[in-house]
Structures are given as C-alpha cells and as structure tokens.
Amino acid sequence: MARGVAIPEVREQLFAAADRVLTGEGPAGLTTRAVTAEAGVANGVLHRHFRDLDEFLTSFLASRLEAIADGVAAMPDRAGHGSVADNLTEATAAVFGANAQALMSLVAAKPDLGAAIEHATGRAGGLGDIERYFCDYLDAEKKLGRIGPGADTGMLALTLLGTVHHLVVTRRGGAPDLKQQVRRIVATLVTGMDTARAPGAPAGS
C-alpha cells in the first residue's frame, strides 16, 4: 500500500474515532495520538495512510461533508409531497445537525482545511452539492406551482443555507432550539416565494 493512500476499513475506523474525539474534546483534541488511541490502533497507523495530520483532517472533513450532502440528495423527490415549509425545515435542520456543527467548529479552528478541500476537489467538499439539491427541490416545486413562478430558486437556496449557517456559527448555548429558529427563517422565505404565486396554488403549501 503506497504511503498516503488509506485502506478503506482503516480510513473509516480512523474517521469514526475522529468523530468521537471532535464531539468529546472539540477541535483542539484532534491530535494523532488522540485519534489513534480512540480508534484502538498504533500511533503510527495514521501516518502510514496519510502524509500528516492535516491531510487526515482534510480527508475526514471532506468525507463527512459529502455524507451530509448525500443525506439530502433525494430532496428534489420530495417536491409535491408534504408542505414546502416542512420539507425545507426538515432538510435544513438535518444539514445543520450536531455533526455539522462539530465540523464547522473544526473549520473555524483550522480554516485552511476548507481551502484544502476546495483545492483538492474543485468544490467546497459537498457544500456546493447541498446548495444544488435545495435549488433543484425548489425548481421542482416551482414547476408544480407550489411556489411563485418568479421565485429565484438559486438565491432562495443560498439565502436559506447562508442564514442558517450564520445562525449556527453565532448562536450561544442559551439560544432557542435550532429547528424552531430554522422553521421561522423558512416561514419568512416561503412568504416571499408566494408573492408571485401561480394562480390557484395554495398559500404556504
């Protein structure tokens, strides 16, 4: 096995350990020793499969962001089912759940990781995919007449995700429940979507 190329089973074992360390100790706890100890492997295992800790953390972050994106990949299929507000609220709350918040704390502590992912993959490690899935969902709802025909779906997706991202980054421990706040943000955006609503389409549907 060439240096810098991880065996899939070892890779995921180390990533799962990093998940637990990040949740328990925060970004500062993500050292080679802490991750390998949590994974139950020798300290040198990580360096046999990754050049250094930064490469490991970049791969870990990219993997977890891609998993979050995969979790909302089927979102466009929800068009026409349930309500637009409920669909957007559930999907957004899932994207910015506890795992995502831990990852954002890691990027905040090590901002070079985000740049490294984009340099290596040509995209922001799954974040662009998430925005595209939201946009595709809104496009599908627009075709069904459940949001206004003049809605700028790309800007709506960007606004929703950007606003909630800001909320998560700046919220404090005593802040209201995240999902409740997401629902309020979505309700405001849905009202805007309905201003040019197609004739006959039910409001807030």
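Each remark here, short or long, concerns the structure printed above.
I will try to describe carefully the structure that is included in this document. Since the structure is predicted, the reported quantities are computational estimates derived from the model, not experimental observations.

Helix α6 (residues 98-109) packs onto helix α4 (residues 53-71) with a crossing angle of 145° between their chain directions and a minimal axis gap of 11 Å. Seen along the crossing, α4 lies across α6 with a hand that is left-handed. Contacts between α4 and α6 involve F60, L61, R64, L65 and I68 from the former and A100, L103, L106 and V107 from the latter. Broken down by class, the residue content of the contact of α4 with α6 amounts to 8 nonpolar, no polar and 1 charged.

The biggest cluster of nonpolar side chains holds 58 residues, and the ones touching the most others in it are F56, L88, F134 and M193. Sequence-distant contacts of F134, that is, excluding residues within four places in its chain, are made with M75, L88, A91, T92, V95, A157, L160 and L161.

Moving on: the packing of aromatic side chains. By convention here, two paired aromatic rings are described through the distance between centres and the angle between planes. Taken as a whole and judged by the stated rule, the model has 5 aromatic pairs. Taking 5.5 Å as the distance between ring centres and 50° as the angle between the ring planes, the aromatic pair formed by F15 and F56 counts as tilted. Here F15 is found in helix α1 (residues 8-25), whereas its partner F56 is found in helix α4, with 41 residues between them in sequence. Judged by its relative accessible area of 0%, F15 falls in the buried class. F56 sits in the buried class, given a relative accessible area of 0%. What links up through ring pairs into an aromatic cluster is the set F15, F50, F56 and F60.

Attention shifts here to the pattern of salt bridges. Overall, the coordinates contain 8 salt bridges when judged by the stated rule. Between D86 and R183 there is a salt bridge, with the nearest N and O atoms lying 2.9 Å from each other. You can see D86 sitting in helix α5 (residues 84-95) and its partner R183 sitting in helix α10 (residues 178-193), a full 97 residues away along the chain. As a salt-bridge pair, E141 and R146 come within 2.8 Å of each other at their nearest N and O atoms. Note on R146: relative accessible area 13%, which makes it buried.

Our focus in this paragraph is the environment of H165. By the secondary structure assignment, H165 is in helix α9 (residues 153-170). In this structure H165 comes out as partly exposed when scored by relative accessible area, which is 37%. Spatially, the C-alpha atom of H165 lies 9.8 Å from that of T92, the residues being 73 residues apart in sequence. Every residue in contact with H165, bar those within four places of it in the chain, is listed here: F96 and M104.

The next thing to look at is α10. Taking 1.5 Å of rise per residue, the 16 residues of α10 would be expected to cover 22 Å, and the 22 Å separating its terminal C-alpha atoms lies within 8% of that figure. Of the positions making up α10, those classed as buried are L178, Q181, V182, I185, V186, L189, V190 and M193. At the N-terminal boundary of α10, the capping side chain belongs to D177, with an oxygen 3.2 Å from the backbone nitrogen of K179.

Turning our attention to the side chain of R64. Here R64 lies in helix α4. Its relative accessible area of 14% is what places R64 among the buried residues. A distance of 2.9 Å separates polar atoms of two side chains, one belonging to R64 and the other to E12. For R64, the contacting residues outside a window of four places in its chain are E12, F15, A16, D19 and L103.

Here the focus is the environment of G26. With respect to the secondary-structure elements, G26 resides in the loop between α1 and α2 (32-39). A sequence separation of 79 residues divides G26 from S105, and the C-alpha atoms of the two residues are 7.6 Å apart.

To continue, consider α6. The end-to-end C-alpha distance of α6 is 17 Å, a good match for the 16 Å that 12 residues give at a rise of 1.5 Å each. Those residues of α6 lying buried are A100, A102, L103, M104 and L106.

Time to look at the packing of α5 against α10. Where α5 contacts α10, the axes come no closer than 9 Å and their chain directions differ by 140°. For the element pair α5 / α10, the angle class is oblique. Regarding α5 and α10, the two cross each other, and that crossing is right-handed. Of the residues in α10, those in contact with V84, A85, D86, L88, T89, E90, T92 and A93 of α5 are K179, V182, R183, V186, V190 and M193. Here the contact of α5 with α10 is built from residues that sort into 8 nonpolar, 2 polar and 4 charged.

Cut-offs applied
- Residues numbered from 1 in each chain as written.
- Predicted model: local features only at pLDDT ≥ 70, side-chain atom pairs only at ≥ 80, totals over all residues.
- Heavy atoms only, no water.
- Axes fitted to C-alpha atoms, helices over the stretch in contact; angles between N-to-C directions.
- Helix = DSSP H or I, 4+ residues; strand = E, 2+ residues; numbered from the N terminus.
- Left-handed = near helix turned anticlockwise from the far one by under 90°.
- Contact = heavy atoms within 4.5 Å.
- Nonpolar A, V, L, I, M, F, W, Y, C, P; charged D, E, K, R; others polar.
- Core = buried A, V, L, I, M, F, W, Y, C linked by side-chain atoms within 4.5 Å.
- Buried < 20%, exposed > 50% of the residue type's maximum accessible area, 1.4 Å probe, protein only.
- Phe/Tyr/Trp six-rings, centres within 6.5 Å; stacked < 30°, edge-to-face > 60°.
- Salt bridge = Lys/Arg side-chain N within 4 Å of Asp/Glu carboxyl O.
- Expected span 1.5 Å × (residues − 1).
- Polar contact = N/O pair within 3.5 Å; in protein donor to acceptor, adjacent residues only side chain to side chain.
- Parallel < 35°, antiparallel > 145°, perpendicular 65-115°, else oblique.

By themselves these figures say nothing about function.
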